[in-house]
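A structural walkthrough
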Amino acid sequence: MEDVLLDVKELKTHFKTEKGVVKAVDGISFQVRRGEILGIVGESGCGKSITSQSILRLVGYKRNELVSGQVLFEGEDLLTKKEKNMLAIRGSKIGLIAQDPMTSLNPVYTVGNQIAEVPMIHEKASKKSAWQTAIAMLKKVGIPSAEDRADQYPHQFSGGMRQRGVIGMALAGNPSLLIADEPTTALDVTIQAQVLDLMLKLRDETNAGIIMITHDLGVVAEICDKVAVMYAGKIVEQAPVEELFANPKHPYTKGLLKSLPKLGDKERLQPVEGQPPNLNDLHEGCRFADRCPFVFDKCHTEHPPLFSTDSNHRTACYLYDEEAE
Amino acid sequence: MQTKTKELVRVEGLKKHFKLSGGGLRKEPEQVVKAVDDLNFSVYEGETLGIVGESGCGKSTMGRLLLRLLEPTEGNIYFENRDITTFSKQELREKRREFQMIFQDPYASLNPRMTVKEIIEEPLRTYKEKQAERSKRVQTLLDAVGIPESYKNRYPHEFSGGQRQRIGIARSLALNPKFIVADEPVAALDVSIQAQVLNLMKDLQDEFGFTYLFIAHDLSVVNYISDRIGVMYLGKMVELADSDKLYNNPVHPYTQALLSAIPVPDPTRKKERVMLTGELPSPVNPPSGCRFHTRCPLAQDICKQVEPEWIEVEENHFAACHVVKERLS
Amino acid sequence: MIDFWKRFKQNHMAVIGFVIILIILLTAIFAKWLTPYDPYEMDPVNRLQSPNGEFWFGTDQFGRDIFSRIVYGARISLQVGIIAVGFSFIVGTIMGLIAGYSGGWVDNLISRITDVLFSFPDILLALVIMAILGSSLNNLMLAIGIVYVPIFARIARGTVLNIKDSLYIEAARSMGVRPITILWRHILPNAMAPLIVQITLSFAFAILAEAALSFLGLGVSPDTPSWGIMLSEAKDWMELSWWTAIFPGIAITLAVFSFNIMGDGLRDALDPRLRNEKS
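Remember, predicted model here, so these are calculated numbers, not experimental data.

**As for the packing of aromatic side chains**
One pair of aromatic rings is described through two measures. These are the centre distance and the angle between the planes. Overall, the coordinates contain 18 aromatic pairs over all chains when judged by the stated rule. With a centroid separation of 6.4 Å and an interplanar angle of 40°, the aromatic rings of phenylalanine 210 of chain B and tyrosine 212 of chain B are classed as tilted. Note on tryptophan 242 of chain C and phenylalanine 247 of chain C: the rings are 6.1 Å apart at their centroids and 45° apart in plane angle, and the pair reads as tilted. Residue classification places tryptophan 242 of chain C among the partly exposed positions, given a relative accessible area of 47%. Among the residues examined, phenylalanine 247 of chain C registers a relative accessible area of 16% and is labelled buried. These aromatic residues form a ring-pair network of at least three members: Tyr231, Tyr252 and Phe288 of chain A. Geometry around phenylalanine 157 of chain A places arginine 149 of chain A over its ring, the cationic atom sitting 5.3 Å from the centre. Above the ring of tyrosine 78 of chain B, the side-chain terminus of arginine 10 of chain B is found at 4.4 Å from the ring centroid.

Here it is in C-alpha cells:
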C-alpha cells in the first residue's frame, strides 16, 4: 500500500490527574492516504482534538501526559522522533489549521511575514523568495489583491480571510498532510461554504491527505471521503462517507444522525438520551453502554473490538459480532 | 399554528444604533453601528418565530430590545397592544414576569455561587412568592425540564452543558411567562444534547402554550422548531415567511444563498451551490441601498442606491428586494 | 469549599502564617492568663533587667515586664487591625460596588476621590488625618481605616466592572430583579475573593501603621502596651538593653509576615483560573 500517508496504530493518550487517569484517546487506529480526506467526528470531549495534538506531538512532553502506540507518517514513527526532527516536520510536511484563526496568527506581524517565515525556516529560503511564496499562497487561497494584503496585519482581515490566511500558512511548507481542527466552526455559514470549497480545491491541486476534525456531520458529508466516529476516546465506527450516512451501524452513530435537525423535515428528533461518560471514571465495557438502547450484558464487561460488517465498514459493537451468533 | 391567531407582540420601526465614540484626544468622526435598523413584524400567540442570520446581523440585539434589556433608539414594541417602550421602570418590572429570556451560554448565564434551587427560585423571590409556594414550584419546574429533584442543592459547575441549559430553561419558566426570547439556546451544546433541549422546548410549548422568539444562526435548527422564520442581514429583516415556505420557496437571494451554504448531512446530495463571493460587510457604515448588494449575485444599479421596501410577496410571505418586487409586477 | 482547603493546605507557608495568626489571636484573647505580671505595673527596683528566668523577655526602663506587655500588645494590634481594616473594607467595598455598578458621573466622582487619596503616601496621609483629629486610639483606627478605603474601593469597582456584564447578571435583570438585590446577591459574592485577600494584606499594613504612628507619638497614650510604643520608648535604651527593642520588633515582624504569607496563600487558593469550574 504505497499511498498510505499516515498510519496510526493503537494510539493512546492518557493524562494523569489528581482525580485519576483521563483516557482522552484510548487505542485508536486509522489510515489516511494521499489525496484523501478523513473526517474524525465526535462531540466535545470525545478526544478528536487530542488525537491531532498527539499526531503532531504537541502533547506528551509533561510527565503526566502519556502517549503510546504508533504514528507512522510516510513510514516513519513520529512518536519516537526527537523533538528537533519534529520541528522540521511540523509546519512543513504536516500543516495544522486550527479552529480560531485569531489565535493562530500573531497580531504583531503582517500576514505575509508569518507565511514567509515558513519557507525561511524549513527551506532556508531567501527573504525575497519567501515573500514571493507568501504572496503565491495568499493568491492560492483566494485572497484578492494578495500583494497588498500580505502587508496587512491579522486584525485588518475579516474572520473568513484570516482563516484563509491560516490555510495559506499551513500550505506554505508544501505539506503532504493537513490536519484541520474544526477549521470552520468559528465562521459564519456562507463563509464556511467558501472555506470548505477552498479545501476541496486544494486537495485536488496538491494531492495532500487531510484529516478533518469536526463536530458537524454536515461538514463531513460535504467534503470527506471516509469517516471515523469517535466516542469517549474510542473510534466506534469507521466507513466511507456514503456508506456511513446510508447505512450507519453503531447505535451512537445512528443516534447522532437522528439527533440532527434536517432542513425541510419537521419529524421529531430522537436524541441519544443521557450524557457522555466521565473520562477519568470509565468502566471496562463499551463506553456507550449506559446510553445505548440495545445494550446487553456483555457490553458492560468488555469493550467491543471493531467488527467488519463490510470490506471497509467497521463498527465497535457486539451487535455485529458474527461469531457470537 | 400557521393561521393568524391573536397578536402577542408587534414591533414597529424598531431601531437600535450604537455610537462608537472617536478615540481619545484625537477627534475622530463619530461612527454609528446600525445594529438593528427599522424592523416591523408581529409574533402571534402560541407560535414560534425563528430569527436566523449570521454574526453581526443584529438578531441578539433585537431579542434584547424586545425585552427592553436594551433601550431602542427608535420605534415601538407592543406587548398585548400596550407599548412597552413607554413603560416606567416600575411598570416594566411588573411586566417582566410575562416575558423571559433563555440565554446562549449555559456556563455564563448561571451564577456560579448559587445552588440550582436558589437560581430557579430567584424570579419567584423577586415577585414575592411565599416560601412553601416557591419550593413546590422549584420541584415542578425541575421535573418539567428533567433534572432530578435531588440535585437541587448542587452548584452549576457540577452539571454538564445540557443540564445547565435545562436549569436556565426552568428559571425562565418559573413565572409562567407568556413570551420567551431564546437567544441561541442550543449553540453551545453538542448535537445529541441539542436535540434533547429542542425537544424539551417543544414539549413545554405544547404543554403550557408559550410563545417563543427563537434566535439562532443555524437554519436547520430554526427550521425544525419554528412556525415562521425571519431572516436578518446586517440589521435588516430581508425575508419573513412560514418555515416550510421559506425552505421550499425562498425569494430573497440572501435566503437562497444561506440555505444552499448549509452543509447537509447527506453525501449523496451534491447540490448546486449559490456561492456568495466576498465577506460579510461590517455593520459600521453598512453598504448603501440594499445592504446585501455587495454580495448579491442579482444586484442591479438600483440596489446600490435605494433601500428596498418590505413587501408582501404572497400571503404571509414578506421580503425586501428590488429584484423580487420587479418580478412580481 | 473543600477544594479551597485542599489548595490552601498545599501551600505550606500560608499554613504556617495561618497558625501564627491563630496563636497571636489566642494570645490576645487569653492574655490575662498567659502573663506573669501586670503590663502596666512599674517596678523601679527591676529596671532594665536582661531576659532571665523571672522576666523572660527582660524589663523596660520602668521595670515593666516586656513579655507581659507584648502579650497585651497583641490585643492592641489585632484591635487596630480588625477595626481599621473592617472600616476600610465596608466603606471601600460599598463605594466600589456603587461606582462600578452605576457608572456615569457617580463612578467618576468616587474614582476621583479614591485617586486623590491614593496620591498621598500611606503614612503621610494617616499623619495628616491624625494631626487633624488629635491622637487617640479611636482616631488612630479611623485614620488607618480611611487610608485603606481607596484600595478596597478600587478592587471592588474593578471586579464589579468584570462581573456586571456577565450573562447571569443580565439574566437577573431580565427577570426584574432590583439593582440593589443584584449587587447584594449576585455581584458581591462573586467579587469577594480578591477582597478577602486584600483584607489579610491590609491587616499586615494596619499593624505596621499602628506601630509606626505610635512610634512617632501620634498613636495611643504612652503607657498603653502597644508594640509600636514599646519600640518607640526602646529607642533611647536599646544600645544598653537590646531586649527592649528586639522583642517588640520580632512581634511586629512575625505578625506582618504571617498575614502577608497567608494573604498570598489565599490569593492562590481563591484564584479562579486555578479552579476547574467547568469540569
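**Some words on the packing of helix α9 (residues 179-215) of chain C against helix α11 (residues 243-270) of chain C**
All names here are of chain C. In contact at an axis separation of 8 Å, α9 and α11 are set at 170° when each is read in the N-to-C sense. Accordingly, the angle class assigned to the pair α9 and α11 is roughly antiparallel. In this structure, α9 uses Ala193, Ile196, Val197, Thr200, Leu201, Phe203, Ala204, Ile207, Leu208 and Ala211 to contact α11, whose residues at the interface are Ile252, Ala255, Val256, Phe259, Asn260, Met262, Gly263, Leu266, Arg267 and Leu270.

**Some points on the interface of chain A and chain B**
Contacts between chain A and chain B engage 42 residues on the former and 45 residues on the latter. Summed over both sides, the interface between chain A and chain B buries roughly 3700 Å², with carbon and sulfur atoms accounting for 56% of that surface. Inspection of the region where chain A meets chain B yields 1 salt bridge. A salt bridge links arginine 268 of chain A to aspartate 203 of chain B; the shortest N-O distance between them is 3.0 Å.

**A few points about the interface of chain C and chain B**
Tallying the contact residues gives 20 residues for chain C and 27 residues for chain B. Taken over both partners, the interface formed by chain C and chain B buries close to 2300 Å², and the fraction arising from carbon and sulfur atoms is 50%. Sorting the residues of chain C by area buried against chain B places Leu167, Met175 and Arg185 of chain C first, and these three jointly supply 29% of that buried surface. Applying the counting criterion to the chain C and chain B interface returns 2 salt bridges. Between arginine 64 of chain B and glutamate 170 of chain C there is a salt bridge, and its shortest N-O distance comes to 2.5 Å. The tally of links between chain C and chain B comes to 10 residue pairs in polar contact (both at pLDDT 80 or more). Broken down by secondary-structure element, the contributors of at least two residues to the side of chain C that touches chain B are α8 (167-174) and α9 of chain C. Residue contributions to the side of chain C that touches chain B peak at 7 residues, all from α8 of chain C. The residue inventory of the side of chain C that touches chain B, partitioned by class, reads 8 nonpolar, 5 polar and 7 charged.

**Some remarks on the UniProt feature "domain: ABC transporter" (unreviewed entry) in chain A**
Within the UniProt annotation, "domain: ABC transporter" (unreviewed entry) is assigned to residues 6-257 of chain A. Helix makes up 40% of residues 6-257 of chain A and strand 28%, and the two end C-alpha atoms of the span are 28 Å apart.

**Comments concerning the environment of alanine 209 of chain C**
Residue and element names in this part refer to chain C. Checked against the element boundaries, alanine 209 lands in helix α9. By relative accessible area, which is 6% here, alanine 209 ends up buried. As for alanine 209 and serine 174, which are separated by 35 residues in sequence, their C-alpha atoms are 46 Å apart. Those residues in contact with alanine 209, other than ones at most four positions away along the chain, are Ile123 and Ile144.

**Some remarks on the pattern of salt bridges**
All names here are of chain B. Evaluation of the coordinates by the stated rule reveals 40 salt bridges over all chains. Taking the shortest distance from any N to any O, the salt bridge between glutamate 91 and arginine 82 comes out at 3.7 Å. Judged by its relative accessible area of 36%, glutamate 91 is partly exposed. Among the salt bridges present, the one from glutamate 149 reaches lysine 152, with a minimum N-O distance of 3.2 Å. Ionic contacts of the salt-bridge type, sharing partners, join the residues Glu80, Lys95, Glu98 and Lys178 into one network.

**Quick word on a nonpolar patch on the surface**
There is a patch of nonpolar side chains on the surface, built from Trp5, Phe18, Val19, Leu22, Ile23, Leu25, Leu26, Ile29, Phe30, Trp33 and Leu34 of chain C and spanning about 1100 Å² of accessible area. It is helix α2 (residues 12-29) of chain C that contributes the most residues to the nonpolar patch, 7 residues altogether.

Quick notes on the rules
Residues numbered from 1 in each chain as written. Chains lettered and ligands numbered in written order. Predicted model: local features only at pLDDT ≥ 70, side-chain atom pairs only at ≥ 80, totals over all residues. Heavy atoms only, no water. Phe/Tyr/Trp six-rings, centres within 6.5 Å; stacked < 30°, edge-to-face > 60°. Buried < 20%, exposed > 50% of the residue type's maximum accessible area, 1.4 Å probe, protein only. Lys NZ or Arg CZ within 6 Å of the ring centre and 35° of its normal. Axes fitted to C-alpha atoms, helices over the stretch in contact; angles between N-to-C directions. Helix = DSSP H or I, 4+ residues; strand = E, 2+ residues; numbered from the N terminus. Parallel < 35°, antiparallel > 145°, perpendicular 65-115°, else oblique. Contact = heavy atoms within 4.5 Å. Buried area = accessible area lost by both parts, 1.4 Å probe. Salt bridge = Lys/Arg side-chain N within 4 Å of Asp/Glu carboxyl O. Polar contact = N/O pair within 3.5 Å; in protein donor to acceptor, adjacent residues only side chain to side chain. Nonpolar A, V, L, I, M, F, W, Y, C, P; charged D, E, K, R; others polar. UniProt positions renumbered as here; feature names shortened; annotations may be inferred. Patch = residues over 30% accessible without salt bridge, like charges linked within 9 Å, V, L, I, M, F, W, Y side chains within 5 Å. Areas by Shrake-Rupley, 256 points an atom, 1.4 Å probe, with all protein chains shown as cover.

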